[in-house]
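# A structural walkthrough
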Amino acid sequence: NRFAHSCLIILCLLSTNAIAARKDFGGWIDADGDCQNTRVEILIAQGAAVIDKDFPCKATIGLWFLPYSGTYEINASEIDIDHVVPLNYAWYNGAQGWTRERRTEFANDPLNLIVASKLENRSKGDSPPEEWMPADTSYWCTYSTKWKEVTQKYNIITAAETQDFLKTVDESCARYEKVHQKG
(Lines give C-alpha, C1' and ligand atoms only; values in the text may rest on other atoms or scores of the structure.)
Protein backbone atom coordinates (compact mmCIF):
# COMPACT_ATOMS: atom_id res chain seq x y z
CA ASN A 1 0.00 0.00 0.00
CA ARG A 2 1.27 3.38 -1.00
CA PHE A 3 0.46 5.09 2.31
CA ALA A 4 2.34 2.47 4.32
CA HIS A 5 5.35 2.76 2.00
CA SER A 6 5.38 6.57 2.41
CA CYS A 7 5.17 6.23 6.18
CA LEU A 8 8.05 3.75 6.18
CA ILE A 9 10.21 6.17 4.19
CA ILE A 10 9.40 9.00 6.62
CA LEU A 11 10.22 6.80 9.63
CA CYS A 12 13.52 5.78 8.07
CA LEU A 13 14.42 9.42 7.43
CA LEU A 14 13.52 10.40 11.00
CA SER A 15 15.53 7.48 12.36
CA THR A 16 18.54 8.40 10.21
CA ASN A 17 18.34 12.02 11.44
CA ALA A 18 18.17 10.85 15.06
CA ILE A 19 21.27 8.70 14.66
CA ALA A 20 23.11 11.49 12.85
CA ALA A 21 22.22 13.95 15.62
CA ARG A 22 23.59 11.65 18.39
CA LYS A 23 26.78 11.05 16.40
CA ASP A 24 27.25 14.81 15.97
CA PHE A 25 27.44 15.29 19.74
CA GLY A 26 30.50 13.08 20.08
CA GLY A 27 30.89 10.57 22.87
CA TRP A 28 31.93 10.69 26.48
CA ILE A 29 35.15 12.65 26.92
CA ASP A 30 37.89 12.65 29.53
CA ALA A 31 37.89 16.40 30.20
CA ASP A 32 40.47 16.38 33.00
CA GLY A 33 42.83 13.74 31.56
CA ASP A 34 42.54 11.31 34.48
CA CYS A 35 41.38 8.40 32.25
CA GLN A 36 37.81 8.58 33.62
CA ASN A 37 35.33 9.69 30.95
CA THR A 38 32.22 11.72 31.71
CA ARG A 39 30.11 8.62 32.40
CA VAL A 40 32.54 7.46 35.09
CA GLU A 41 32.87 10.98 36.51
CA ILE A 42 29.06 11.18 36.86
CA LEU A 43 28.91 7.73 38.47
CA ILE A 44 31.51 8.91 40.99
CA ALA A 45 29.89 12.32 41.59
CA GLN A 46 26.32 11.05 41.94
CA GLY A 47 26.93 7.95 44.00
CA ALA A 48 29.42 5.86 45.89
CA ALA A 49 31.32 4.26 43.03
CA VAL A 50 33.99 1.73 43.88
CA ILE A 51 37.05 2.30 41.71
CA ASP A 52 39.29 -0.76 41.41
CA LYS A 53 42.95 0.26 41.71
CA ASP A 54 43.76 -2.20 38.91
CA PHE A 55 41.12 -0.59 36.63
CA PRO A 56 41.03 3.07 37.70
CA CYS A 57 39.24 4.21 34.56
CA LYS A 58 36.04 2.28 35.27
CA ALA A 59 33.30 2.14 37.86
CA THR A 60 31.56 -1.23 37.96
CA ILE A 61 29.97 -1.42 41.39
CA GLY A 62 28.85 1.03 44.04
CA LEU A 63 25.63 2.49 45.34
CA TRP A 64 23.57 4.97 43.37
CA PHE A 65 20.28 6.63 44.20
CA LEU A 66 18.18 6.92 41.03
CA PRO A 67 16.09 10.06 41.54
CA TYR A 68 13.68 9.39 38.65
CA SER A 69 12.33 6.32 40.45
CA GLY A 70 13.48 6.89 44.03
CA THR A 71 15.29 3.53 43.98
CA TYR A 72 18.88 2.34 44.39
CA GLU A 73 21.23 0.41 42.11
CA ILE A 74 24.54 -1.29 42.92
CA ASN A 75 25.59 -2.45 39.44
CA ALA A 76 26.95 0.32 37.19
CA SER A 77 26.16 -1.72 34.08
CA GLU A 78 22.46 -1.31 34.91
CA ILE A 79 22.77 2.49 34.96
CA ASP A 80 22.49 4.90 32.06
CA ILE A 81 23.58 8.49 32.26
CA ASP A 82 20.54 10.45 31.14
CA HIS A 83 20.65 13.82 29.44
CA VAL A 84 17.94 15.81 31.24
CA VAL A 85 17.49 17.77 28.02
CA PRO A 86 17.86 14.95 25.46
CA LEU A 87 20.41 15.26 22.69
CA ASN A 88 17.78 14.89 19.97
CA TYR A 89 15.58 17.51 21.62
CA ALA A 90 18.53 19.92 21.66
CA TRP A 91 19.42 19.01 18.06
CA TYR A 92 15.98 19.95 16.75
CA ASN A 93 15.75 23.05 18.95
CA GLY A 94 18.99 24.82 18.17
CA ALA A 95 21.99 22.49 18.48
CA GLN A 96 22.11 21.85 14.71
CA GLY A 97 23.63 25.32 14.43
CA TRP A 98 26.27 24.79 17.11
CA THR A 99 29.88 23.87 16.53
CA ARG A 100 30.88 20.28 17.22
CA GLU A 101 32.81 21.52 20.27
CA ARG A 102 29.68 23.17 21.70
CA ARG A 103 27.61 20.01 21.10
CA THR A 104 30.29 17.89 22.82
CA GLU A 105 30.32 20.33 25.74
CA PHE A 106 26.53 20.05 25.99
CA ALA A 107 26.58 16.23 25.83
CA ASN A 108 29.18 16.08 28.63
CA ASP A 109 27.91 18.90 30.88
CA PRO A 110 27.26 17.55 34.41
CA LEU A 111 24.41 20.07 34.75
CA ASN A 112 22.54 18.07 32.11
CA LEU A 113 23.48 14.57 33.31
CA ILE A 114 21.84 12.29 35.85
CA VAL A 115 22.10 8.63 36.79
CA ALA A 116 19.03 6.67 35.74
CA SER A 117 18.09 3.06 35.20
CA LYS A 118 18.26 1.83 31.64
CA LEU A 119 14.48 1.39 31.68
CA GLU A 120 13.90 4.96 32.85
CA ASN A 121 16.27 6.41 30.27
CA ARG A 122 14.75 4.43 27.42
CA SER A 123 11.16 5.15 28.44
CA LYS A 124 11.99 8.86 28.46
CA GLY A 125 13.76 8.79 25.12
CA ASP A 126 13.77 12.24 23.57
CA SER A 127 10.60 13.37 25.31
CA PRO A 128 10.10 16.87 26.66
CA PRO A 129 8.67 17.28 30.18
CA GLU A 130 5.04 17.51 29.10
CA GLU A 131 5.39 14.00 27.62
CA TRP A 132 7.58 12.41 30.31
CA MET A 133 8.31 13.17 33.93
CA PRO A 134 10.06 11.01 36.55
CA ALA A 135 7.91 8.34 38.20
CA ASP A 136 8.96 9.72 41.58
CA THR A 137 6.90 12.91 41.76
CA SER A 138 9.07 14.24 44.61
CA TYR A 139 11.77 14.81 41.97
CA TRP A 140 9.55 16.87 39.63
CA CYS A 141 10.59 20.24 41.09
CA THR A 142 14.29 19.48 40.69
CA TYR A 143 13.74 18.04 37.21
CA SER A 144 11.84 21.16 36.12
CA THR A 145 14.58 23.41 37.49
CA LYS A 146 17.34 21.40 35.80
CA TRP A 147 15.47 21.45 32.46
CA LYS A 148 15.16 25.24 32.59
CA GLU A 149 18.78 25.77 33.69
CA VAL A 150 20.11 23.64 30.82
CA THR A 151 17.88 25.15 28.14
CA GLN A 152 18.75 28.66 29.33
CA LYS A 153 22.49 27.96 29.53
CA TYR A 154 22.54 26.63 25.97
CA ASN A 155 19.81 28.88 24.51
CA ILE A 156 17.75 25.86 23.48
CA ILE A 157 14.36 26.76 22.05
CA THR A 158 11.59 25.56 24.34
CA ALA A 159 8.12 25.02 22.87
CA ALA A 160 5.18 26.91 24.38
CA GLU A 161 3.65 23.60 25.55
CA THR A 162 6.84 22.80 27.46
CA GLN A 163 6.99 26.27 28.99
CA ASP A 164 3.33 26.06 30.07
CA PHE A 165 3.83 22.60 31.57
CA LEU A 166 6.94 23.65 33.50
CA LYS A 167 5.14 26.75 34.76
CA THR A 168 2.38 24.50 36.15
CA VAL A 169 4.98 22.26 37.79
CA ASP A 170 6.74 25.29 39.28
CA GLU A 171 3.47 26.67 40.64
CA SER A 172 2.76 23.31 42.30
CA CYS A 173 6.26 23.27 43.75
CA ALA A 174 5.81 26.80 45.13
CA ARG A 175 2.49 25.83 46.75
CA TYR A 176 4.10 22.73 48.26
CA GLU A 177 7.01 24.77 49.64
CA LYS A 178 4.63 27.36 51.09
CA VAL A 179 2.47 24.75 52.83
CA HIS A 180 5.49 22.90 54.24
CA GLN A 181 7.23 26.05 55.49
CA LYS A 182 4.26 26.83 57.73
CA GLY A 183 4.10 23.34 59.12
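### Let's talk about the state of the cysteines
The full count for this structure, using the stated rule, is two disulfides. In this model C35 forms its disulfide with C57; the gap between the sulfur atoms is 2.0 Å. Measuring handedness by torsion sign, the sulfur bridge of C35 and C57 sits at about -115 degrees and is left-handed. Of the two residues, C35 sits in the loop between α1 (2-23) and α2 (38-45) while C57 sits in the loop between β1 (47-50) and β2 (61-66), which places them 22 residues apart along the sequence. Here C35 falls in the partly exposed class, since its relative accessible area comes to 33%.

### Digging into the packing of aromatic side chains
Applying the stated rule across the entire model yields twelve aromatic pairs. The interplanar angle of 80 degrees and the centroid separation of 5.7 Å between the aromatic rings of Y68 and Y143 together place this pair among those described as edge-to-face. Linking Y68 in the loop between β2 and β3 (71-75) with Y143 in helix α6 (residues 140-153), this pair joins segments that are 75 residues apart in sequence. There is no split in this pair, since Y68 and Y143 are both buried. Here the aromatic rings of F106 and Y154 are separated by 5.0 Å at their centres, their planes lie at 85 degrees, and the arrangement is edge-to-face. Of this pair, F106 sits in helix α4 (residues 100-107) while Y154 is found in the loop between α6 and α7 (160-182), placing the two residues 48 residues apart along the sequence. Residue F106 shares its accessibility class with Y154, and that shared class is buried.

Cut-off values and rules
Residues numbered from 1 in each chain as written. Predicted model: local features only at pLDDT ≥ 70, side-chain atom pairs only at ≥ 80, totals over all residues. Heavy atoms only, no water. Disulfide = S-S within 2.5 Å. Helix = DSSP H or I, 4+ residues; strand = E, 2+ residues; numbered from the N terminus. Buried < 20%, exposed > 50% of the residue type's maximum accessible area, 1.4 Å probe, protein only. Phe/Tyr/Trp six-rings, centres within 6.5 Å; stacked < 30°, edge-to-face > 60°.

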